[in-house]
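Residues per chain, in single letters:
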Amino acid sequence: MLQIKDTLVSLDLVERYFECDLDSCLGECCVAGDAGAPLTEEEDRRLREIMPDVLPHLSPAARKVIEEQGPSYVDEEGDLVTSLVEGGNCVFTTYEKGGLCLCMLEKLRRAGDERMFKPISCSLYPVRLKQYPTFTAVNFHRWKICKCAEVLGRKNGVRAYRFLEGPLTRRFGPEWYAELKEVADEWLRQHPDL
């Protein structure tokens, strides 16, 4: 583990290679798993505010779920997560040509609506955060559907912390990321066999 300000960062984030490969996985992370994407309370509040503008872009099944239970729920572990359609797709999942899954919130943002946002837990993946009383654990989660991302990252020489520069900076700030990068780069220089 590496200590960066008030976080403990898994060495896997530094040592492992990772680069999303949507051509191979087709965005399966939007539809696989046993719960929705983790949300902060602030993200949940913002989602509820923008929901009238998001609903028309979602599938009829997703609209029905949101109208009945809202865009989020508390899962079995007590975490606030995005709602699911029939226990599978995140309600914000949309399908593109060839079966590619994308986040409607991200699509709307890229189309120019700055109020839209992809939950930080989705942007950070494969990082999962765990909050403790005095620090935040920044862990690298391995999931078989992301094996292709590890293969592509290795092929292109992209370490996970480099691939996630934008989301990590968004979550922790530029000073935090600069410190992580400096410490990680030094770690890798000292361990050239990794």
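Just so it is clear, the model here is predicted, and its values are computed rather than measured.

*Asks:* Explain the overall build of the protein chain to me, please; I cannot follow it from the model alone.
*Replies:* Helices and strands together make up the secondary structure of the protein chain, namely 10 helices and 10 strands. Sorting the 194 residues of the protein chain into buried and exposed places 44% on the buried side. Here the protein chain displays about 10,900 Å² of accessible surface, and carbon together with sulfur accounts for 50% of that area. Side-chain charges in the protein chain split into 26 positive and 33 negative, and the spacing between the mean points of these groups amounts to 4 Å.

*Asks:* Teacher, can you tell me more about the pairing of strand E10 (residues 136–140) here?
*Replies:* Regular strands place their side chains on alternate faces of the sheet. Counting buried residues in E10 gives 4 out of 5 residues, a clear majority hidden from the surface. Examined bridge by bridge, strand E2 (residues 7–9) and E10 share 3 bridges and lie parallel to one another. Paired with Leu8 across the bridge in E10 is Ala137. Pairing analysis gives 5 bridges linking strand E9 (residues 127–131) to E10, with the strands arranged antiparallel. From the neighbouring strand, Gln131 faces E10, where its bridge partner is Thr136. Where E9 folds back onto E10 in an antiparallel hairpin, the turn is made up of 4 residues.

*Asks:* I keep staring at a negative patch on the surface and nothing clicks. Help me out?
*Replies:* A surface patch of like charges, here negative, comprises Asp34, Glu76, Glu77 and Asp79. With respect to the secondary-structure elements, Asp34 resides in the loop between helix H2 (22–25) and helix H3 (41–54).

*Asks:* Please explain the side chain of Glu43 as it appears in this structure.
*Replies:* With respect to the helices and strands, Glu43 occurs in helix H3. Although Glu43 is buried, it makes no salt bridge; Arg170 carries the closest opposite charge, 4.0 Å away. The contacts of Glu43, once residues within four sequence positions are left out, are Pro38, Phe117, Lys118, Pro119, Ile120 and Arg170.

*Asks:* What exactly am I supposed to notice about the confidence of the model for the protein chain here?
*Replies:* Predicted coordinates in regions of low pLDDT should not be interpreted in detail. Here the protein chain averages 91 in pLDDT, while 99% of its residues score no lower than 70. H2 is the least confidently modelled element of the protein chain, averaging 82 in pLDDT, while E2 averages 97, the highest of any element.

*Asks:* Explanation requested: the packing of aromatic side chains in the structure shown.
*Replies:* Aromatic ring pairs are described here by two measures, namely the spacing of the ring centres and the angle between the planes. The tally for this structure, following the rule as stated, stands at 5 aromatic pairs. Centroid distance Tyr132 to Phe135: 4.8 Å. Interplanar angle 20°. Geometry classified as stacked. Take Tyr132: its relative accessible area is 36%, and that puts it in the partly exposed class. For the ring pair Phe172 and Trp176, a centre distance of 4.3 Å and an interplane angle of 25° mean the geometry is stacked. As far as the burial class goes, Phe172 and Trp176 line up, both buried. Among the aromatic residues, those joined into a cluster by ring pairs are Phe18, Phe140 and Phe163.

The rules we used
- Residues numbered from 1 in each chain as written.
- Predicted model: local features only at pLDDT ≥ 70, side-chain atom pairs only at ≥ 80, totals over all residues.
- Heavy atoms only, no water.
- Helix = DSSP H or I, 4+ residues; strand = E, 2+ residues; numbered from the N terminus.
- Buried < 20%, exposed > 50% of the residue type's maximum accessible area, 1.4 Å probe, protein only.
- Areas by Shrake-Rupley, 256 points an atom, 1.4 Å probe, with all protein chains shown as cover.
- Lys, Arg positive; Asp, Glu negative; His and termini not counted.
- Charge placed at Lys NZ, Arg CZ, Asp CG, Glu CD.
- Pairing = 2+ DSSP bridges.
- Patch = residues over 30% accessible without salt bridge, like charges linked within 9 Å, V, L, I, M, F, W, Y side chains within 5 Å.
- Salt bridge = Lys/Arg side-chain N within 4 Å of Asp/Glu carboxyl O.
- Contact = heavy atoms within 4.5 Å.
- pLDDT = per-residue confidence, 0-100.
- Phe/Tyr/Trp six-rings, centres within 6.5 Å; stacked < 30°, edge-to-face > 60°.

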